[in-house]
Amino acid sequence: MNMQTQSVMAPPAPRSIQEMKLPVVMMRDILLKTIFRKNMDMASEISAAICLPIPVTQQLIDMARDQKLLEATGTLNANNGNEMGYQLTDAGKARALDALSQSEYFGAMPVPLEVYRDQIERQSIKNISITRDQLTNAMGHLVLPGELLDHLGPAVSAGRSILMYGPPGNGKSSISNGIRDALGDKVYVPRAIEYSGQVITVYDPMVHSKAEEQKDDPNALRRNANRYDTRYVRCERPTVVTGGELTLNMLDLVYNPNAKTYQAPLQLKSTGGIFIVDDLGRQSESPQALINRWIVPLEESKDILALQSGEKFEVPFDTLVIFSTNFHPNEIFDKAALRRIFFKIKIDGPDQENFLKIFAMVARNKGVPLEESALIHLLKVKYPTIDNVYANYQPVFLIDQMIAICEFEGIPYQMTPELIDRAWANMFVKDEVIVK
């Protein structure tokens, strides 16, 4: 997407306490807890810590002063542009400690869920339009049949669920990652959101890749210090990848009883991006149970979460879900579940021509010279033993095996029929009876 689209997507910084749409007591308490925990006294420092513009931070400071919870120190700090310093009064310290006993959360002000909904609309995954060139470039390291892109392109552009199925080792995971790379633009992820007075942390450095900040031009007439709401982090579109470890409770809010805050579940962290369920059918939960959990989000673009109190609430569901499995869909789903997955794409192994392209590309990248006699031996002698069934993983496996043998034998990287045989022997395990 172009820069114009990105600037439209940016959440505007709040200009007053009223625009924050948060409970006033909650904002005041987070201010006091942050000052207490971080031992800050300058409005500019406090502003950066709670991620609000200085004028709004000053409004909160003034409110706390009116309530005799903060007081001016009476000294101007020359190192900070002659800023007035502030400190907690005894009543302010008592209030901060009381607030910390109710919730340990301090720092960035949360974004109300209702406000976050607007931002999700601005940066929706459904607004993405992927061209064939973008998808081809993102998949440039893969050798794929042209008709596969014919199916993938519309699926990604629609922002609807995708099921990729087929034999193992043919790049379903790599294709999923290529789709992620094709998205290319940036979104704004809230550090935390607020619902019903509860704080739910969303931004997670393990999931979200922070984008490089755009540098301000020092000669510009107007500085862009507050060009967007810094309660959000500008990130690459998120990608959450789960495999056999996925369980249903990983899709629920996680409550921290010590901090008395919540952590967003995986699908909420992936908002505006991709959620990849890899190796479907290998989880402890049945594929049918997992799909049943996704039915409402996939069909209605909303999810239902629950607080500790049992109160349930709706959150937007704006995620491209990619299921990947080595099983045939009819083996693991009923027809109703399959109907709810919008695109079903079969990923087969390469034909002989594409296999040779992959083999040659891998050999070149790894510095192994191609040898015609070895290739003929591979294609005419070895592959007929497995009915000429090719898989995308095999070139990397065979060439890495030959490299390991060459390094062990102390000879230059090379490719011979004998090395092919030795590499091949490690690719499959023979069926045999073990006598105990």
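As shown above, the structure is provided for reference.
Fair warning: this is a prediction, and the values are worked out from it, not measured in the lab.

Caption draft 1: Quick look at the sheet that holds strand S12 (residues 274-277). Taking strand neighbours across the sheet as the criterion, the five strands line up as S9-S12-S15-S4-S16 in an open arrangement whose pairing is parallel. The open sheet has two edge strands with one neighbour each: strand S9 (239-242) and strand S16 (343-346). This sheet shows a mean twist of 15° between the axes of neighbouring strands, independent of strand direction. As paired strands, S12 and strand S15 (residues 320-325) are joined by four bridges and run parallel to one another. Bridge pairing in S15 places Ile276 opposite Ile322. On the sheet, helix H9 (residues 146-158) packs against strand S4 (162-165), S15 and S16 and is oriented at approximately 155° with respect to S16.

Caption draft 2: Examining empty space enclosed by the protein more closely. Following the criterion strictly, the structure yields one cavity of 30 Å³ or more and no others. Together, Gln267, Leu268, Thr271, Asp303, Val315, Pro316, Phe317 and Asp318 line the largest cavity. Residue composition of the lining of the largest cavity, grouped by class: four nonpolar, two polar and two charged.

Caption draft 3: A look at the packing of helix H4 (residues 43-50) against helix H5 (residues 54-66). Contact pair H4 / H5: the axes reach a minimum separation of 9 Å and the direction vectors enclose 105°. It follows from the interaxial angle that H4 and H5 lie roughly perpendicular. Only Ile54, Thr57, Gln58, Leu60 and Ile61 of H5 make contact with H4, whose side of the interface consists of Ala43, Ser44, Ile46, Ser47 and Ile50. Counted by class, the contact of H4 with H5 contains six nonpolar, four polar and no charged residues.

Caption draft 4: Representation of the side chain of Arg231. In this fold, Arg231 is placed in the loop between strand S7 (198-201) and strand S8 (232-236). A polar side-chain atom of Arg231 sits 3.0 Å from the main-chain carbonyl oxygen of Pro110.

Caption draft 5: Local environment of the pairing of strand S5 (residues 186-190). Most of S5 sits out of view: five of its five residues are buried. In S5, alternate side chains face the same way, and those of Lys186, Tyr188 and Pro190 on one face and Val187 and Val189 on the other are all buried. Sheet analysis places S5 next to S8, joined by five bridges and oriented antiparallel. When the sheet's bridge partners are listed, Val189 is paired in S8 with Val233.

Caption draft 6: Fine view of the packing of aromatic side chains. For the coordinates displayed, the defined rule picks out 13 aromatic pairs. Measuring from centroid to centroid gives 4.1 Å for Tyr195 and Phe313, while their planes differ by 15°, and the two rings are stacked. In this pair, Tyr195 is assigned in strand S6 (residues 192-195) and Phe313 in strand S14 (residues 312-316), connecting sequence segments 118 residues apart. Overall, the relative accessible area of 22% leaves Tyr195 in the partly exposed class. Taken together through their ring pairs, the aromatic side chains of Phe355, Phe359, Tyr383, Tyr390 and Trp424 make up a single cluster. It is Arg160 that lies over the ring of Phe342; its NZ or CZ is 3.7 Å from the centre.

Caption draft 7: Quick peek at the environment of Lys269. Of note, Lys269 is situated in helix H11 (residues 266-269). Along the backbone, Lys269 and Gly281 are twelve residues apart, and their C-alpha atoms lie at a distance of 23 Å. When neighbours within four sequence positions are excluded, Lys269 is seen to be in contact with Val202, Asp204, Val207, His208, Pro238, Gln263 and Ala264. A distance of 2.8 Å separates a polar atom in the side chain of Lys269 from a polar atom in the side chain of Asp204.

Caption draft 8: Up close: the environment of Ser47. Relative to the helices and strands, Ser47 is located in helix H4. Considered as a pair, Ser47 and Glu353 are 306 residues apart in the sequence and their alpha carbons are 61 Å apart. Residue contacts for Ser47: discarding those within four places in its chain leaves Leu52, Pro53, Ile54 and Thr57. Looking at Ser47, its side chain comes within polar contact range of the main-chain oxygen of Leu52, at 2.5 Å.

Caption draft 9: Seen up close, helix H18 (residues 417-425). Of all the residues in H18, the buried ones are Leu419, Ile420, Ala423 and Trp424. Seen along its axis, H18 keeps its buried residues to an arc of 135°; they face one direction. Away from its buried face, by an angle of more than 90 degrees, H18 presents the exposed residues Glu418 and Ala425.

Caption draft 10: Geometry of H9. With 13 residues, H9 should reach 18 Å at 1.5 Å per residue; the first-to-last C-alpha distance of 19 Å fits that figure. Turning to H9, its buried residues number three or more, namely Leu148, Leu149, Leu152, Gly153, Ala155 and Val156. Looking one or two residues beyond H9, the residue adopting positive phi is Gly159, at roughly 65°.

Caption draft 11: The arrangement of the environment of Tyr116 in detail. Mapped onto the elements of the fold, Tyr116 is located in helix H7 (residues 113-122). By relative accessible area, which is 2% here, Tyr116 ends up buried. Beyond its immediate stretch of four places on either side in the chain, Tyr116 contacts Val111, Tyr188, Pro190, Ile193, Tyr232 and Thr271.

Caption draft 12: Structural detail: the nonpolar core. Judged by nonpolar contacts, the single largest core of 31 residues is most densely connected at Leu31, Leu60, Leu70 and Met109. Of all the elements in the fold, those that place two or more residues in this core are helix H2 (17-20), helix H3 (24-38), H4, H5 and strand S2 (83-88). The element contributing the most residues to this core is H3, with six residues. Discounting chain neighbours no more than four positions away, the residues touching Leu31 are Ile46, Ile50, Leu60, Ile61, Ala64, Leu70 and Met109.

Caption draft 13: Molecular detail of the pattern of salt bridges. Counted according to the given criterion, the structure contains 20 salt bridges. One salt bridge connects Arg37 with Glu104, and the closest N-O pair in it is separated by 2.9 Å. Of the two residues, Arg37 sits in helix H3 while Glu104 sits in the loop between helix H6 (90-102) and strand S3 (111-112), which places them 67 residues apart along the sequence. Take Glu104: its relative accessible area is 29%, and that puts it in the partly exposed class. With its nearest N and O atoms 3.2 Å apart, the salt bridge here joins Lys382 to Asp421. Residue Lys382 is located in helix H16 (residues 372-382), and its partner Asp421 is located in helix H18; the two are separated by 39 residues in the primary sequence.

Conventions adopted
Residues numbered from 1 in each chain as written. Predicted model: local features only at pLDDT ≥ 70, side-chain atom pairs only at ≥ 80, totals over all residues. Heavy atoms only, no water. Pairing = 2+ DSSP bridges. Helix = DSSP H or I, 4+ residues; strand = E, 2+ residues; numbered from the N terminus. Axes fitted to C-alpha atoms, helices over the stretch in contact; angles between N-to-C directions. Contact = heavy atoms within 4.5 Å. 1 Å grid on protein atoms, 1.4 Å probe; cavity = no way out; pocket = protein on both sides within 12 Å on 5 of 7 lines; lining within 4 Å. Points joined across faces, edges and corners; volume = space filled by probe spheres on them. Nonpolar A, V, L, I, M, F, W, Y, C, P; charged D, E, K, R; others polar. Parallel < 35°, antiparallel > 145°, perpendicular 65-115°, else oblique. Polar contact = N/O pair within 3.5 Å; in protein donor to acceptor, adjacent residues only side chain to side chain. Buried < 20%, exposed > 50% of the residue type's maximum accessible area, 1.4 Å probe, protein only. Phe/Tyr/Trp six-rings, centres within 6.5 Å; stacked < 30°, edge-to-face > 60°. Lys NZ or Arg CZ within 6 Å of the ring centre and 35° of its normal. Arc of directions from axis to C-beta. Expected span 1.5 Å × (residues − 1). Core = buried A, V, L, I, M, F, W, Y, C linked by side-chain atoms within 4.5 Å. Salt bridge = Lys/Arg side-chain N within 4 Å of Asp/Glu carboxyl O.

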